[in-house]
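# A look at the structure
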Amino acid sequence: MRQLTPPATRPDSAETARPVGSGGGSPPSLPTTFGQQGRGGESLRLWRRGLLWGLVTLALAFALRMVEWPCWQNPEYRLGKEWLLATHDAYHWVAGAEGFGLAVGHPMAEMLRAIAGALHTSPAAVAFWFPAVLASLVAGIVFAWVWALGSMEAGVAAGLLTSLAPGFLARTLLGYYDTDLVTLFFPLLMTLVPACWAMRYMLLPRMILRRLVAGTGLKATPDQWRARAVEHCQPLGNPLRWQWVLLLGASGIVSWWTQEWHSVFPYLIRYNVILLAVMSLIMAPRGRRALLLLGALAYALPTLGGPAGFAFSLILLAAGSGPGRSLRRLLCRPSVLVLLWLGTLALLLQGQILTTLINHANAYLKHAGDVKSTGQGATLVYPSVAQSIIEVQDLSFAALFPYFHPWMEAAVLGLLGFLLVLFRRPGALFLLPLAALGLLSTRLGGRMVMFGAPVVAVGLTLPLYWLLQRLVRADLRGAGAGLLTSAVLIGLLVVPFVDMIQAMSQGPMINRRHADALTRARTMTPEDAVLWLWWDWGYAAHYFARRATIADGAQHAGPSLYLPAAVFATDNARFARQLIRYTAKSGNEPGNVFKNLDGAAAQALMNSLRSPETPLIEANGRLFIVVSFEMLRLGFWISNFGNWNFETRQGEGGALSIVTQALAYHLGSGEVQLEGSPTVIYASSIGVFEETGVTRRNYVQEWFDAHPRATPEEQQAFLSQRRNVYFLFNRVTDEKLVMDEGLYNSLMVQLLLSDPQDPRFSPYFKLVYDNVFARIYEVL
């Protein structure tokens with residue numbers, strides 16, 4: 001690529017854009033056809049071809065997504081005619097689209113509501129199918145990026161590589177309607193125009209190096225002098241052309257709007273503004289720095305100021321025209337530019353952006369506990385939920401690369417190739433935050449790996465395209481080389497991994513019977529009832545039950561984490577009832593329970609509620625507790641959080657194992673044997689969940705009941721044969737859980753497994769719904 005430096009142009013010059021080719025190292029062709037005279041037909045053909053290949057990319061990406069569809073042909077994945085969704089947060093947006101919960105009015109919920117209304121279907125149905133559409137749009141915008149960076153046809157492969165990247169694929173499968181889709185799409189969309197504008201009117205890094213060499217007085221080679229002569233032979237064009245100003249302003253408005261979608265965008269848009277300003281300072285051709293700094297404001301002010309900032313873009317429309325020379329001269333004066341950029345800096349630092357940035361960063365760091373203020377200078381340290389959330393758990397550096405592409409070697413080559421793209425196409429600097437976030441998955445958690453997908457795709461595609469340009473004959477160095485690039489990459493790096501899509505499909509995040517129980521709660525509980533269930537299914541309860549919950553995906557830290565965990569992890573039903581009623585007496589606001597308490601006082605409160613001497617607490621309102629077989633899989637974390645001690649700032653979870661191998665068991669004797677192993681385990685207890693009910697055998701209790709006169713020696717002989725392990729078998733889902741005694745005796749297990757009339761529970765909880773795999777109790 002050879003960008004040309006004009007000969008000492010005035011800041012108010014309004015040159016015409018130079019023609020752009022499509023072969024060799026020529027500049028990107030996507031944005032550079034504006035206002036070119038006598039080339040209307042050629043430009044139209046270019047855009048038609050781009051539209052065609054863009055649609056091909058969308059169609060292929062969507063077809064890849066549909067490879068997962070056969071995995072959903074399971075009746076357990078539907079509740080009635082409705083497909084269950086694949087992620088917890090999806091139910092947050094669906095409930096918001098239907099007018100319930102904190103998501104009401106959020107763009108993610110409003111998008112669901114609008115599409116469902118247009119298609120005359122339900123928001124839940126849209127949430128199931130729409131991830132395939134949004135993921136395909138991400139592939140489409142990556143195609144546009146590669147087109148802008150150099151090759152239209154090669155962009156097809158880049159889009160598909162992004163769509164297939166495991167880190168992105170895992171979070172955008174069917175039913176996975178969540179912000180991950182837009183957190184990748186918007187950074188690519190909102191920076192495409194600024195990147196194209198920068199590449200059109202700014203110098204390449206090698207040109208800057210050439211300028212630095214010339215400034216040192218070192219003797220230039222003949223090739224360098226010829227290059228300088230070429231650089232001065234044509235003008236670069238007018239960076240304030242009205243099409244550019246409008247596109248930059250529109251991109252700024254989109255950037256400003258993204259802050260309504262996700263908390264990551266306030267930081268990304270500030271990086272974009274700073275980058276564009278720095279590029280305008282450092283990479284400007286001679287005599288054009290003021291003009292580029294002025295043009296950069298067409299993006300910066302709408303980005304930071306919204307519609308009010310867009311008004312400045314309208315002023316630039318006049319300044320960029322021929323009659324606007326005097327206005328252009330005024331705005332390009334150093335003093336005026338300094339004032340304008342000082343105002344931009346004020347917008348950049350407005351509010352508490354730095355404090356918010358630190359808080360968000362801390363949310364992804366793995367602490368042993370979360371420190372929360374309880375008022376009057378007192379603080380409490382709660383267990384940290386981040387330890388238990390898979391998507392924010394750290395990745396090792398070696399484990400990072402397969403999330404970019406199934407072949408680690410391809411991922412490494414993609415990252416190295418991206419460095420070459422940065423050197424040859426400075427507009428790729430706008431993708432640098434995505435690369436950084438992807439690599440920071442080693443500290444910020446696994447969900448960040450998806451940001452590296454387009455970076456690796458660009459790094460694989462463009463260097464191969466440039467290499468092939470040197471190998472094929474001259475008439476194939478444009479579209480031909482691009483098509484060959486896509487064919488090679490799709491054949492080598494996409495097709496072999498199509499089966500991976502089905503392998504990664506995980507089905508719904510909620511069991512059909514659990515969802516059915518929550519649906520029944522809508523008619524079996526009053527509208528002002530509060531449900532106590534583990535926070536993972538709080539959003540699902542909002543959607544299915546339309547009831548408030550003690551915790552959910554937005555309220556799962558500090559007291560909102562500890563209180564339900566303490567209830568589910570305890571083996572003391574009276575304490576659980578006391579804690580629930582005490583919370584209700586505090587307005588069902590977990591934060592109020594520990595108001596003005598330090599660690600010692602909070603632990604004393606818990607001890608008081610555990611004491612049988614403390615009278616039963618009375619509080620208004622009807623409260624319900626939901627237990628399910630699904631919840632037991634999280635037993636270690638729930639018990640770890642629930643056994644938290646505020647003074648020692650530690651918790652201890654029960655032992656739990658989810659067995660994936662085949663197991664054989666004998667209910668009569670309690671023998672359990674791993675398939676292919678001669679070892680036999682004599683379990684303390686076995687529980688078998690079937691459609692018709694639960695079969696419970698407690699072999700230790702049964703033996704002691706049958707041998708009331710056994711001597712201590714006989715008792716010890718019997719116990720020495722029994723392992724202190726408890727098995728639960730789900731015959732419907734084929735799940736097999738093994739746990740220790742502490743976890744087995746916890747409320748989350750016993751309320752699901754035991755007779756509801758058991759005197760341990762009946763004074764405090766009354767069963768109102770039971771479908772074997774999920775139960776709802778009213779708190780008495």
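The shown structure was predicted, so the numbers you read here are calculated from the model rather than taken from an experiment. (Residues numbered from 1 in each chain as written. Predicted model: local features only at pLDDT ≥ 70, side-chain atom pairs only at ≥ 80, totals over all residues. Heavy atoms only, no water.)

## Notes on the packing of aromatic side chains
- Summed over all chains, the structure comprises 38 aromatic pairs.
- Ring centres of Phe 186 and Phe 265 lie 6.1 Å apart, and the angle between their planes is 80°; this geometry places the pair in the edge-to-face category. One end of the pair, Phe 186, is in helix H7 (residues 180-201); the other, Phe 265, is in helix H11 (residues 265-282), with 79 residues separating them in the sequence. For the pair shown, Phe 186 and Phe 265 are each scored as buried.
- Ring centres 5.9 Å apart and planes at 5° place the aromatic pair Phe 727 and Phe 729 in the stacked group. Just as Phe 727 is buried, Phe 729 falls in that class too.
- Between the NZ or CZ atom of Arg 610 and the centre of the ring of Phe 575, over which it lies, the distance is 4.3 Å. (Phe/Tyr/Trp six-rings, centres within 6.5 Å; stacked < 30°, edge-to-face > 60°. Helix = DSSP H or I, 4+ residues; strand = E, 2+ residues; numbered from the N terminus. Buried < 20%, exposed > 50% of the residue type's maximum accessible area, 1.4 Å probe, protein only. Lys NZ or Arg CZ within 6 Å of the ring centre and 35° of its normal.)

## Topic: the confidence of the model for the protein
- Taken residue by residue, the protein gives an average pLDDT of 84. The fraction at 70 or more is 86%.
- Between residues 1-38, whose pLDDT stays under 50, and residues either more than four places distant or in other chains, the model counts 132 contacts.
- Low pLDDT, under 50, characterises residues 225-234; the stretch is placed with 23 contacts to residues that sit more than four places away or in other chains. (pLDDT = per-residue confidence, 0-100. Contact = heavy atoms within 4.5 Å.)

## Some thoughts on helix H5 (residues 155-164)
- With respect to burial, H5 is a largely interior element, 10 of its 10 residues being buried.
- Among the residues of H5, those classed as buried are Gly 155, Val 156, Ala 157, Ala 158, Gly 159, Leu 160, Leu 161, Thr 162, Ser 163 and Leu 164.

## Here we look at the sheet that holds strand S16 (residues 765-770)
- Strand order across the open sheet formed by 5 strands is S6-S5-S7-S17-S16, with mixed pairing between neighbours. Each edge of the sheet is formed by a strand with only one pairing partner; in this case those strands are strand S6 (548-549) and S16.
- Sheet topology places S16 next to strand S17 (residues 774-779); 5 bridges connect them, and they run antiparallel. The partner of Tyr 769 across the bridge, within S17, is Ile 776. (Pairing = 2+ DSSP bridges.)

## Focus on the packing of H11 against helix H15 (residues 334-348)
- One can describe the packing of H11 onto H15 by two numbers: an axis separation of 11 Å at closest approach and a directional angle of 160°. Taken together, H11 and H15 sit at an angle that is classed as roughly antiparallel. Of the two possible hands of crossing, H11 and H15 adopt the one that is left-handed. Touching Arg 270, Val 273, Ile 274 and Ala 277 of H11 are Trp 341, Thr 344, Leu 347 and Leu 348, all from H15.
- Taken together, the residues of the contact of H11 with H15 sort by class into 6 nonpolar, 1 polar and 1 charged. (Axes fitted to C-alpha atoms, helices over the stretch in contact; angles between N-to-C directions. Parallel < 35°, antiparallel > 145°, perpendicular 65-115°, else oblique. Left-handed = near helix turned anticlockwise from the far one by under 90°. Nonpolar A, V, L, I, M, F, W, Y, C, P; charged D, E, K, R; others polar.)

## So, unusual backbone geometry
- Phi is positive for Arg 546, close to 60°, though the residue is something other than glycine.
- One can find Arg 546 in the loop between helix H25 (538-544) and S6.
- The phi angle at Asn 596 is positive, at roughly 65°, despite the residue not being glycine.
- One can find Asn 596 in the loop between helix H28 (590-593) and helix H29 (599-610).
- Overall, the relative accessible area of 34% leaves Asn 596 in the partly exposed class.

## Topic: the environment of Ser 280
- Relative to the helices and strands, Ser 280 resides in helix H11.
- Taking relative accessible area as the criterion, Ser 280 reaches 0% and is therefore assigned buried.
- Taking C-alpha positions, Ser 280 is 7.4 Å from Ala 296, a pair spaced 16 residues apart along the chain.
- Other than its neighbours up to four places away in sequence, Ser 280 contacts Trp 197, Met 202, Arg 289, Leu 292, Leu 293 and Ala 296.

## Looking at the sheet that holds strand S9 (residues 663-666)
- Strand order in this open sheet of 3 strands is S9-S10-S11, and the pairing throughout is antiparallel. One side of each edge strand has no neighbouring strand; the edge strands of this open sheet are S9 and strand S11 (680-682). Put simply, the sheet's adjacent strands are angled 25° from each other on average, direction ignored.
- Here S9 runs beside strand S10 (residues 671-674); their pairing, made up of 4 bridges, is antiparallel. Bridging from a neighbouring strand, Ala 664 pairs with Gln 673 of S10.

## A closer look at the environment of Val 738
- Tracing the sequence through the fold places Val 738 in strand S15 (residues 735-739).
- Contacts of Val 738, omitting those with residues within four sequence positions, involve Ala 655, Leu 656, Ser 657, Val 659, Val 725, Tyr 726 and Phe 727.

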